[in-house]
Amino acid sequence: MRDILKNILCLLFVNVVAGIGSFVIILLGIAMFEPYDNLIAKIFYEYWIQIILLIVIGRLFILPFAYKKLENSQKYKLVSQFIHKLKQSNYLKLTVLIIAYFIFWPFGFPYFDNGFYGQLIQSVLLGLVGNYIVLYIYWYIEDKIKGRNY
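So, here's what we can say about the structure.

### Notes on the overall build of the protein chain
Point 1. Across its full length, the protein chain carries eight helices and zero strands.
Point 2. Starting at the N terminus and ending at the C terminus, the protein chain contains elements arranged as α-α-α-α-α-α-α-α.
Point 3. Buried residues in the protein chain amount to 36% of all 150 residues.
Point 4. Taking as baseline every contact in the protein chain between residues at least 6 positions apart, the subset at least 24 positions apart corresponds to 57%.
Point 5. In the form shown here, the protein chain has an accessible surface area of approximately 10,100 Å², with 73% of it arising from carbon and sulfur atoms.

Written out as structure tokens, the structure reads:
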């Protein structure tokens with residue numbers, strides 16, 4: 001049981017770190033409604049390009065490279081098995097995307113379209129769905145470059 005909890009916490013930590021950019025986007029949106037002389041808002045106004053680049057870099061590098069490191073991990077064997085199966089199974093990829101969508105679903109913005117498509121767009125832009133889509137695209141490109149075929 002302890003080993004299972006350790007593996008779940010490892011995956012949770014990796015996904016939280018990769019998705020930290022979503023939190024920054026929310027703060028950026030809030031800061032845009034503040035007056036310019038507010039210290040926090042001033043930081044976001046002056047560094048908004050760097051903040052958006054941080055978000056993109058977080059999605060492009062943190063999750064794929066963390067999963068690559070965990071894929072061959074001896075310490076986190078359950079995570080390693082999960083990643084191997086995730087790479088090979090389109091059904092499991094779709095299941096993970098659906099679960100990621102429903103994790104984000106209750107946290108959508110109330111002023112945004114709360115219909116299914118509105119929540120899906122928010123989840124792709126801000127949630128785990130976007131992280132996993134980037135991860136799947138990374139794996140697809142990596143497999144094409146290396147000539148692997150699953």
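### Focus: the side chain of Glu142
Point 1. Along the polypeptide, Glu142 turns up in helix 8 (residues 128-146).
Point 2. Taking the relative accessible area as the measure of exposure, Glu142 reaches 8% and is therefore buried.
Point 3. Apart from the residues lying within four places of it in its own chain, the contact partners of Glu142 are Lys68, Lys87 and Arg148.

### Let's talk about a nonpolar patch on the surface
Point 1. There is a patch of nonpolar side chains on the surface, built from Trp48, Ile49, Ile52, Leu53, Ile57, Leu60, Phe61 and Phe65 and spanning about 740 Å² of accessible area.
Point 2. Inspection of the secondary structure assignment puts Leu53 in helix 4 (residues 48-71).
Point 3. Under the relative-accessibility criterion, Leu53 is labelled partly exposed at 49%.

### Topic: the packing of helix 5 (residues 77-88) against helix 8
Point 1. Where helix 5 meets helix 8, the axes come as close as 11 Å, and the angle between the chain directions of the two elements is 75°. With respect to helix 8, the axis of helix 5 lies roughly perpendicular. Facing helix 5, whose interface residues are Ile83, Leu86 and Lys87, helix 8 presents Tyr132, Tyr136, Trp139 and Glu142.
Point 2. Grouping the constituent residues of the contact of helix 5 with helix 8 by class yields five nonpolar, no polar and two charged.

Reading the values: the criteria
Residues numbered from 1 in each chain as written. Predicted model: local features only at pLDDT ≥ 70, side-chain atom pairs only at ≥ 80, totals over all residues. Heavy atoms only, no water. Helix = DSSP H or I, 4+ residues; strand = E, 2+ residues; numbered from the N terminus. Buried < 20%, exposed > 50% of the residue type's maximum accessible area, 1.4 Å probe, protein only. Contact = heavy atoms within 4.5 Å. Areas by Shrake-Rupley, 256 points an atom, 1.4 Å probe, with all protein chains shown as cover. Patch = residues over 30% accessible without salt bridge, like charges linked within 9 Å, V, L, I, M, F, W, Y side chains within 5 Å. Salt bridge = Lys/Arg side-chain N within 4 Å of Asp/Glu carboxyl O. Axes fitted to C-alpha atoms, helices over the stretch in contact; angles between N-to-C directions. Parallel < 35°, antiparallel > 145°, perpendicular 65-115°, else oblique. Nonpolar A, V, L, I, M, F, W, Y, C, P; charged D, E, K, R; others polar.

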